Amino acid sequence: MLVALFAHDKDGALQTRKDNRQAHLDYIEATGVVTQAGPLLDAAGEMCGSLVILDVADMDAARNWADNDPYAQAGLFESVTLTEWKRVIG
C-alpha cells in the first residue's frame, strides 16, 4: 500500500533538520520503502517539513518507519500525518 507522510517541522528547527539530514537520507536508502520524497518549503524557500511516499505492507509498517526516521528521533517534527494514498498519475 502507498502511504503519504506529511511532516511539519517545529518552528525554528531548521538547524535540527540540517544536522540530521544525512542520517535521514541514509535511512531512506537503507529501508528501501520510499518511492518519492522531498522537503516542504516555506515562503522564503527554506525547508520546513517533509513529504514522503512509502510503499509498505500496512499502516503499522508506515507508523514504524515514521517513528524510526532520524528526523523524528531528533524531535524535528511538530506534527506527522500518515494517509493512505492512491497513485493515479506518474
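Details of the structure are given in the entry above.
Residues numbered from 1 in each chain as written. Predicted model: local features only at pLDDT ≥ 70, side-chain atom pairs only at ≥ 80, totals over all residues. Heavy atoms only, no water.

Chemist: What's the story with the sheet that holds strand β1 (residues 2-9) in this structure? I'm lost.
Modeler: Within a beta sheet, neighbouring strands are joined by backbone hydrogen bonds and run either parallel or antiparallel to one another. If you trace the four strands from one edge of the open sheet to the other, you get β2-β3-β1-β4, paired in antiparallel fashion. This sheet does not close on itself; its edge strands, each paired only once, are β2 (34-41) and β4 (77-85). Adjacent strand axes in the sheet meet at a mean angle of 15°, parallel and antiparallel pairs treated alike. Across seven bridges, β1 lies against strand β3 (residues 47-55) in antiparallel orientation. By the bridge assignment for β3, His 8 is matched with Gly 49. Along the sheet, helix α1 (residues 14-31) makes contact with β1, β2, β3 and β4, crossing β3 at roughly 15°. (Pairing = 2+ DSSP bridges. Helix = DSSP H or I, 4+ residues; strand = E, 2+ residues; numbered from the N terminus. Axes fitted to C-alpha atoms, helices over the stretch in contact; angles between N-to-C directions. Contact = heavy atoms within 4.5 Å.)

Chemist: What's the story with the pattern of salt bridges in this structure? I'm lost.
Modeler: Side chains that differ in charge, positive against negative, can pair when their charged atoms come close. Taken as a whole and judged by the stated rule, the model has two salt bridges. Between Asp 9 and Arg 17 there is a salt bridge; the shortest N-O distance is 2.8 Å. Taken as a pair, Asp 9 and Arg 17 share a single burial class, namely buried. For Arg 63, the salt bridge is made with Asp 60, and the minimal N-O distance between the two is 3.0 Å. Of the two residues, Arg 63 and Asp 60 are both situated in helix α2 (residues 59-68); the distance of three residues between them amounts to about one turn of the helix. For Asp 60, a relative accessible area of 55% corresponds to the exposed category. (Salt bridge = Lys/Arg side-chain N within 4 Å of Asp/Glu carboxyl O. Buried < 20%, exposed > 50% of the residue type's maximum accessible area, 1.4 Å probe, protein only.)

Chemist: Sorry if this is basic, but what is going on with the nonpolar core here?
Modeler: As a rule of thumb, soluble globular proteins bury nonpolar side chains together. Judged by nonpolar contacts, the single largest core of 18 residues is most densely connected at Leu 54 and Trp 65. Sorting elements by how many residues they give to this core places α2 first, with four residues. (Core = buried A, V, L, I, M, F, W, Y, C linked by side-chain atoms within 4.5 Å.)

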